[in-house]
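# Coordinates in review
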Amino acid sequence: MIYRTVTFLAIALLLLLQNGCGTSPESGRLHIVVSISPFAYFAERIGGEHVDVSVMVPPGGNPHSYEPTPRQMSALSGASLFVKAGSGVEFELDWMPRILSLNPELRICDASEGVPLIPMHQEDAQAHEDSASGQTHQHGRYDPHYWLSPDNAVLITRNIEKALGSIDPSHRPLYAANAATLVAELQALRHDIHEQLAPVRNRNFLVFHPAWGYYADAFGLKQIAAEEEGKTMTPLQLQRVIEKARDADIRVVFVSPQFGKVQAETIAGDIGGTTGTVDPLARDYIDNLRKATDAFTGAMQ
Ligand SMILES: [Zn+2]
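Being a predicted model, the structure only gives us computed values, none of them experimental.

About the criteria used
Residues numbered from 1 in each chain as written. Predicted model: local features only at pLDDT ≥ 70, side-chain atom pairs only at ≥ 80, totals over all residues. Axes fitted to C-alpha atoms, helices over the stretch in contact; angles between N-to-C directions. Helix = DSSP H or I, 4+ residues; strand = E, 2+ residues; numbered from the N terminus. Parallel < 35°, antiparallel > 145°, perpendicular 65-115°, else oblique. Contact = placed C-beta atoms within 7 Å. Buried ≥ 20, exposed ≤ 12 C-beta atoms within 10 Å, placed from the backbone. Core = buried A, V, L, I, M, F, W, Y, C linked by C-beta atoms within 7 Å. Domains from an automatic or database assignment. Pairing = 2+ DSSP bridges. Right-handed = clockwise from strand over helix to strand, strands pointing away.

### Here's the deal with the packing of helix H6 (residues 150–167) against helix H7 (residues 172–197)
Remark: H6 packs on H7, axes separated minimally by 9 Å, with the N-to-C direction vectors making an angle of 175 degrees. By the angle between their directions, the pair H6 and H7 is classed as roughly antiparallel. Residues Pro150, Asp151, Ala153, Val154, Thr157, Arg158, Glu161, Leu164 and Gly165 of H6 pack against Arg172, Tyr175, Ala176, Ala179, Leu182, Val183, Leu186, Leu189 and Arg190 of H7.

Put into structure tokens, the structure is as follows:
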């Protein structure tokens, strides 16, 4: 907390020596800041050559615990739009007030506007109540990982299109055309994933970090998640997940690149299986969802 306050004061002083404006003078482009990588893909596809996009949580960074660097915070003074997840990601809950106090002119696009957020799964709530720690659930009320459903990606696209059009009305028709192209690709993506998963009979998959609930719901799959948001699992929790995985005839434990895999390997060893990787935060959204579907399909056969 003290570190954060000192950082904050340092940045505030730094900003007194600069004067921020929406476009970078050299390029004439709008500076868009997004909290997570997949949003950078959407913003670039829609904004094209009229935007420069930077990402707050870097590749491999964990949005549940990330803290921005002073350089990132000071770069926000020249930004004209911030695209936030808006679904309870801890990084945003902790930092949005500071970001706004540094740049009160910054326009905020809530990428989750209109998205039906799913409450945390019942069984997770149960597991939480069972835990003796007495700590509150880190994720809050909703599962924050909504971008992993292609239908929700369409809503994100619309939200970013609307925000870009309102800060830069002269290019609104171009943003609308780019968004329409992207929406068509997202609809094709949903169709292809649906087709690819159609013959899969055992529709359960096991992920270490619970990021794939919206994806599972979109395609009639069941996500079994091991951990609760970055906390080390207790031996009892590990044992329960191993039993669930055995009951569901699961052989692969999927890990995210952002999280350690020691406990995932323990589970894989106990069920006589292996670990695989799926990334909830890769920048190239469409390509990444195709890769994840290949991985899930391979594991669920
Ligand atoms: Zn997460």
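More follows now that the structure is in view.
### Overview of helix H2 (residues 37–47)
It helps to recall that an α-helix has 3.6 residues per turn; residues three or four apart then point in one direction. For H2, a buried count of 9 out of 11 residues is recorded, marking the element as mostly surrounded by other parts of the structure. Burial in H2 covers these residues: Ser37, Pro38, Phe39, Ala40, Tyr41, Phe42, Ala43, Ile46 and Gly47. Looking at the buried side of H2, the elements it contacts are strand E1 (30–34), strand E2 (51–55), strand E3 (81–84), H6, H7 and helix H11 (285–300). With its phi angle positive at about 55 degrees, Gly48 sits one or two positions after the end of H2.

### Details of the nonpolar core
Membership of the largest hydrophobic core comes to 75 residues, with the highest contact counts inside it found for Ile32, Val34, Ala43, Val83 and Ile160. Of the residues that make up this core, three or more belong to each of domain 1 (2–112 + 143–188) and domain 2 (199–300). Other than its neighbours up to four places away in sequence, Ala43 contacts Ile32, Val34, Val51, Val53, Val83 and Ile160.

### Thoughts on the pairing of strand E5 (residues 204–207)
With 4 bridges connecting them, E5 and strand E6 (residues 222–225) associate as parallel partners. Residue pairing in the sheet places Phe205 in a bridge with Gln223 of E6. After leaving E5, the chain enters helix H8 (residues 213–218) and then returns to the sheet as E6, a path that is right-handed. Note that E5 and strand E7 (residues 252–255) share 2 bridges and pair parallel. For Leu206, the partnering residue across the bridge sits in E7 and is Val253.

### Considerations on the environment of Arg203
Along the chain, the position of Arg203 falls in the loop between H7 and E5. C-beta crowding within 10 Å serves as the criterion here: with 14 such atoms nearby, Arg203 is assigned to the partly exposed category. Apart from the residues within four sequence positions on either side, Arg203 is in contact with Gly220, Leu221, Lys222 and Met300.

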